[in-house]
Amino acid sequence: MLFEIENISYSRSGKLALHDLSARLPVGASSVVGPSGSGKSTLLRLLNRLADPDAGRVVYEGVDVRERDPLELRREVSLVPQLPALIDGTVHDNVAYGPRLVGHSFDARSCLELAGLDPAFEERDAAKLSVGEQQRVMLARALALDPRVLLLDEPTSALDRVARDAVETTLQGLRARTAISTVVVTHDMDQARRLADYVVRIDGGTVEAQGAADEMLGDETEPVIAAAEDAS
Amino acid sequence: MIVAASSIHVTLGEVAAALALVAIAAIASRAWHADLEEDIGIAVVRSLIQLTAIGYVITLIFDEDSALLVLALITVMVVFGAFTARHRASQVPNAFWPLFVSLAVAAAATLGLVIALGIFPATPRYLVPVGGMVIGNSMTSAAVALNRLGEDVHEQARKIEATLALGATSSQAVTPLVRRSLRSGMITLVDSTKTTGLIFFPGTMVGMLLAGADPTDAVRLQLILLYVLLGAVSIAALMAITLARRNFFTPAHQLREPPVP
């Protein structure tokens, strides 16, 4: 098992975001689905210790994440946030940022390629790219760390349909070409079906159901989408 | 360098006459409904009480010629400076201690250096006024720098967390903000130093000229103080930022106030 999430609770500004939540995420492609405000992005941040739960624990490959060095863990379990947040400079500067922190070698062009960007983007000003392109630079700079797990928070929520399809194709390509496990947070059940083999469905900060994507995403697609639309 | 002491006698009547200018300020405020009359009144009364009180304290310290009393006065100024600056840096968690340490180090380092370099003798007559200037300017500089840092961390929480997610330490994640905050804290004094003598005459020089000192001595003393202050504000701003930036994060390099998901 990649992650075992055991009875975690997490409050933010006095409001309970996750409540006694338990779930499992196997090696491979997983997805956490649920409507906006259900706590799925919060859950993702607990997996690589961008935050720690108030109660319960997150176990990664058999070890409580709080026993791991948080910086090493984040390089191994890399999170791509929902909205692009690039540093000032070129695309290369962004892709190089993580590896340079620890003196690791990296191949910027192959990272860009894996992320679905033409290597010619390398010297372009990151601030002048479209949101879709920036999102893929975010993915490329996470890949430059050579992670074992990628945590993707609503990777296409800020994109139009064409850009969304391109990013999904990129993620499907990653599945085929690398051994990287992925955890995709999304409010879109159809996207979960396309990108994941295992699905955890949460609402109100707790798990409603979890299991193989084939079993989970049958007739229950519509209610979740409706809930997401209501919340947004 | 020791400037020969010149002294002038200022009567209370002359001080009272200067209040005529305050009356102009109050009339202007009333005429334009700036609603500052009460504040002007409070400022006049407070300045009268505070400066008179510190005048007696300084007289006592000069008369006693005691290093311990100088140290006690500077300590009180550092504590009050840190309390005052803390309110201006309200977005920085637990800002008091970084401010206290930065003001104390700036005061100790600059006063220690000017004594060690033989610029001023280690007597209360020099240490008290120079210490007051150093701490006052350092307080403003550190407060501005921390205020800017707090605003930037708040506004750029997403970018900071995205950097942490790449394995950056909390220090590395806020490095771009540190540059801007340091600049904010120092730029006012740097700019005023650039324009001194052209656009305005600084206070020490004016005071010495009024007291009858030779203009060359007044200028040289003013230059020394400007250079001392540049050193002091850079120490205070940099130290305050360096110490305070940790307060935004947990020991596990997590933002204490993460961006809203």
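Preceding block: the structure.
Anyway, here's the lowdown on the structure attached to this text.

Thresholds applied
- Residues numbered from 1 in each chain as written.
- Chains lettered and ligands numbered in written order.
- Predicted model: local features only at pLDDT ≥ 70, side-chain atom pairs only at ≥ 80, totals over all residues.
- Pairing = 2+ DSSP bridges.
- Helix = DSSP H or I, 4+ residues; strand = E, 2+ residues; numbered from the N terminus.
- Axes fitted to C-alpha atoms, helices over the stretch in contact; angles between N-to-C directions.
- Core = buried A, V, L, I, M, F, W, Y, C linked by C-beta atoms within 7 Å.
- Buried ≥ 20, exposed ≤ 12 C-beta atoms within 10 Å, placed from the backbone.
- Contact = placed C-beta atoms within 7 Å.
- Nonpolar A, V, L, I, M, F, W, Y, C, P; charged D, E, K, R; others polar.
- Parallel < 35°, antiparallel > 145°, perpendicular 65-115°, else oblique.
- Left-handed = near helix turned anticlockwise from the far one by under 90°.

### Digging into the sheet that holds strand β6 (residues 77–80) of chain A
Residue and element names in this part refer to chain A.
Phase 1 of the analysis: Spatially, β6-β7-β8-β3-β9-β10 is the arrangement adopted by the 6 strands of the open sheet, whose pairing is mixed. Two strands bound the open sheet, and with one partner strand each, they are β6 and β10 (206–212). For this sheet the average axis-to-axis angle between neighbouring strands, irrespective of direction, equals 15°.
Phase 2 of the analysis: Of the strand pairs in this sheet, strand β7 (residues 149–153) and strand β8 (residues 181–186) are connected by 5 bridges, and their pairing is parallel. Residue Leu 151 lies in a different strand from β8, and its bridge partner there is Val 183.

### Concerning the nonpolar core
Phase 1 of the analysis: By size, the foremost hydrophobic cluster in this structure holds 130 residues, and its most contacted members are Ala 140 and Leu 151 of chain A together with Leu 103, Ala 142, Leu 146, Ala 236 and Ala 240 of chain B.
Phase 2 of the analysis: At 16 residues, helix α9 (residues 215–244) of chain B tops the list of elements feeding residues into this core.
Phase 3 of the analysis: Once you skip the residues sitting within four places of it in the chain, Leu 103 of chain B turns out to touch Val 78, Gly 81, Ala 82, Ile 135, Ser 138, Met 139, Ala 142 and Ala 236 of chain B.

### Describing the interface of chain A and chain B
Phase 1 of the analysis: On the side of chain B, 17 residues touch chain A, which itself brings 23 residues to the contact.
Phase 2 of the analysis: Those elements that place two or more of their residues in the side of chain A that touches chain B are α1 (40–47), α2 (70–76), β6 and α3 (91–102) of chain A.
Phase 3 of the analysis: Here the side of chain A that touches chain B is built from residues that sort into 13 nonpolar, 5 polar and 5 charged.

### Side note on the pairing of β7 of chain A
Residues and elements named next belong to chain A.
Phase 1 of the analysis: Here β7 lies mainly inside the structure; 5 of its 5 residues are buried.
Phase 2 of the analysis: On β7, burial covers both faces: Val 149, Leu 151 and Asp 153 on one face and Leu 150 and Leu 152 on the other are all buried.
Phase 3 of the analysis: Judged from the 4 bridges that link them, β6 and β7 form a sheet pairing that is parallel. Following the sheet pairing, Val 80 is matched in β7 by Leu 152.

### Looking at the environment of Gln 156 of chain B
Phase 1 of the analysis: You can see Gln 156 of chain B is positioned in the loop between α5 (124–155) and α6 (157–164).
Phase 2 of the analysis: Taking the C-alpha atoms as reference, Gln 156 of chain B lies 52 Å from Ala 213 of chain B; in sequence the two are 57 residues apart.

### Examining the pairing of strand β2 (residues 15–25) of chain A
Residues and elements named next belong to chain A.
Phase 1 of the analysis: For strand β1 (residues 3–12) and β2, the ladder comprises 7 bridges, and the chain directions are antiparallel. Each bridged residue has a counterpart across the sheet, and for Tyr 10 the counterpart in β2 is Leu 18.
Phase 2 of the analysis: The antiparallel hairpin formed by β1 and β2 contains 2 residues in its connecting segment, where Ser 13 sits at a positive phi of about 50°.

### Focus: the packing of helix α5 (residues 131–143) of chain A against helix α6 (residues 161–177) of chain A
In a packed pair of helices, the relevant descriptors are the angle between the two axes and the axis-to-axis distance.
Residues and elements named next belong to chain A.
Phase 1 of the analysis: Interhelical geometry of α5 versus α6 gives an angle of 15° and a closest axis separation of 10 Å. Taken together, the axes of α5 and α6 are roughly parallel relative to one another. As for how α5 packs across α6, the hand of that crossing is right-handed. The segment α5 lies against α6, with Gly 132, Gln 135, Arg 136 and Leu 139 engaging Ala 163, Ala 166, Val 167 and Thr 170.

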